Protein chains: 2
Amino acid sequence: MAFERAFDVAKKISDSAIHRLSLYVRILEEWEREGRDTTSSEELAERGGTTAAQVRKDLSLFGSFGKRGLGYSVGELADHIRSILGLGRTWRVALVGAGRIGTALLEYRGFRERGFDIVAVYDADPAKVGGCVGERTVRDVAGLEEGIRAEGVEIVVLAVPGEAVQPIVDLVVRAGVRGILNFAPLKPRVPEGVTVRDVNLVMELEALSFALSQDGPDA
Amino acid sequence: MAFERAFDVAKKISDSAIHRLSLYVRILEEWEREGRDTTSSEELAERGGTTAAQVRKDLSLFGSFGKRGLGYSVGELADHIRSILGLGRTWRVALVGAGRIGTALLEYRGFRERGFDIVAVYDADPAKVGGCVGERTVRDVAGLEEGIRAEGVEIVVLAVPGEAVQPIVDLVVRAGVRGILNFAPLKPRVPEGVTVRDVNLVMELEALSFALSQDGPDA
DNA sequence: GGTCGTTTGTGAAATCCTTCACATAACGTA
DNA sequence: TACGTTATGTGAAGGATTTCACAAACGACC
């Protein structure tokens, strides 16, 4: 295989490891802004709510980025992790669903800052199509498949009601999208090779509810 | 201990198990609406994207709710899971941060439907305080601690900028809150017994970015 | 250059989670 | 009542992730 990278040698990287890496970058960037030069697995763990061993294991999945006895260079480590996560580039994102959540996402400038560029917005509601959210025009979802191909969209953010999810997922997958961020409360079915990540606020609240019901019969 | 429930006998329940339970309820409720009477671990697994064995294991953590040879009663199983998750009641929730994400959450009626009642909204911005979002008046965050006690708030949804998170967390914990849903991109520190769940859109996108960077050198 | 204190990187152990496989219970039928 | 069919509940096996513990590497200091 000619295109191998250091870390695609058939190793399974756990979801939680990726989440932690993502967190480490954010911490490191904060420290970069503060002008800190070096850090240690200990410090990163402390700040990220995990353990030093965990930090080192996470990093060791992809290489060795520190100096024994000294720790890590804040800037270099951030660069390495960004490159591991594929953040050295801009991703072209389409938002489908210009409802409450959708428009809130649009306004959130954190996305573009971190390399996720929302290039188009779609909705099925004729009342919304043609209107504006932010500086973008809402397009008719009928043109979604073509639009995805034309704009080279790689990631779709889905903020549509539950019923609409599966058809749209099928469509965007057909159009070549292989990454979907789904806000609807049910898991769409996708073929091998397509990644879906679900963000489900109600589930999170229910997990809180469980935790609170657990400890203490309370008031 | 007088107040024992079937499942608080010092058993650790994994996060993913809880998430799956949450998903099962949603599926079961859909089937309840469709008028289905019974189901099986097989069907639930199929619909929920997991395996029959997993479904049975998840349920067996809390009891046995089915009939061998027959399966589960849709309604009864839904009831059981709701009770496990502590959803048989209404939770009093305060929203802190009336920005984009905060207000989007407010309008999302799924919360109240599922027993999460947003009883108050707070913000630090003087320009927002006194104003209305939906039918609620935004209060000054200065009165947060007192408000939490007065209103009996049990869960706080935090949609504030990163810097503001830790001070507010400290404050709401002091006021007696033990469940926090945090939208800011960093993990606040909390004492034992307080549960924080993080929802982090950027992290999810970064996980997608990683997945897409992984397979195939692609176009 | 040798010694000391430090912190990484990593096999091995421990823990946690999922899958397997099957005994068990329930119902229908005769 | 006995038998066949079905699908649960659960120990045990298998995998995955986290923690442990320590050798190896580095700089500082004498």
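Keep in mind that this is a model prediction, so the values were computed, not measured.

### Description of helix 3 (residues 52-60) of chain B
Residue and element names in this part refer to chain B. Of the positions making up helix 3, those classed as buried are Ala52, Val55, Asp58 and Leu59. Looking straight down helix 3, one finds its buried side chains confined to an arc of 125°; they lie on one side. Each element contacted by the buried residues of helix 3 is listed here: helix 1 (15-34), helix 2 (41-48), strand 2 (72-73) and helix 4 (74-85).

### With respect to the protein's contact with DNA strand C
Around DNA strand C there are 24 residues in total, and Ser41, Arg56 and Gly66 of chain A together with Ser14 and Arg68 of chain B lie nearest to it. Restricting the count to atoms of DNA strand C within 4 Å of the protein gives a sugar and phosphate share of 65%. Within the contact set of DNA strand C, a base oxygen lies 3.2 Å away from a side-chain nitrogen or oxygen of lysine 57 of chain A. At the level of secondary structure, the elements contributing two or more residues to the surface near DNA strand C comprise helix 3 (52-60) of chain A together with helix 1 and helix 3 of chain B.

### Quick word on the packing of aromatic side chains
Per the counting criterion, the structure on display carries four aromatic pairs over all chains. Plain terms: the ring middles of tyrosine 108 of chain A and phenylalanine 111 of chain A are 5.1 Å apart, the flat faces sit at 75° to each other, and that makes the pair edge-to-face. A residue is classified by how much of its surface remains accessible, and tyrosine 108 of chain A, at 27% relative accessible area, is partly exposed. Under the relative-accessibility criterion, phenylalanine 111 of chain A is labelled buried at 5%. Taking 6.1 Å as the distance between ring centres and 85° as the angle between the ring planes, the aromatic pair formed by phenylalanine 210 of chain A and phenylalanine 62 of chain B counts as edge-to-face. On the criterion of chain membership, the pair formed by phenylalanine 210 of chain A in helix 9 (residues 201-214) and phenylalanine 62 of chain B in the loop between helix 3 and strand 2 is interchain, its members lying in two chains. The pair formed by phenylalanine 210 of chain A and phenylalanine 62 of chain B is uniform in burial state, with each residue classed as buried.

### Notes on the relation of the copies chain B and chain A
Each of the two copies of the chain can be brought onto the other by a rotation about an axis and a shift along it. Laying chain B over chain A is done by rotating through 179° and shifting 0.0 Å along the axis; what remains is an RMSD of 0.1 Å. What we have between these two chains is a two-fold relation. No C-alpha of chain B lies nearer the rotation axis than that of alanine 104 of chain B, which sits 3.1 Å from it. Counting the interface residues of chain B, we find that 100% of their copies in chain A are interface residues as well, pointing to one common contact surface.

### Topic: the protein's contact with DNA strand D
Close to DNA strand D lie 24 residues, the nearest being Ser14 of chain A together with Ser41, Arg56, Gly69 and Tyr72 of chain B. Counting only atoms of DNA strand D within 4 Å of the protein, the sugar-phosphate share comes to 63%. Take glycine 66 of chain B: an N or O atom from its main chain is 2.9 Å from a phosphate oxygen of DNA strand D. Of all the secondary structure elements, the ones that give two or more residues to the surface near DNA strand D are helix 1 (15-34) and helix 3 of chain A together with helix 3 of chain B.

About the thresholds
- Residues numbered from 1 in each chain as written.
- Chains lettered and ligands numbered in written order.
- Predicted model: local features only at pLDDT ≥ 70, side-chain atom pairs only at ≥ 80, totals over all residues.
- Heavy atoms only, no water.
- Buried < 20%, exposed > 50% of the residue type's maximum accessible area, 1.4 Å probe, protein only.
- Helix = DSSP H or I, 4+ residues; strand = E, 2+ residues; numbered from the N terminus.
- Arc of directions from axis to C-beta.
- Contact = heavy atoms within 4.5 Å.
- Near = heavy atom within 4 Å.
- Polar contact = N/O pair within 3.5 Å; in protein donor to acceptor, adjacent residues only side chain to side chain.
- Phe/Tyr/Trp six-rings, centres within 6.5 Å; stacked < 30°, edge-to-face > 60°.
- Least-squares fit on C-alpha atoms with pLDDT ≥ 70 in both.

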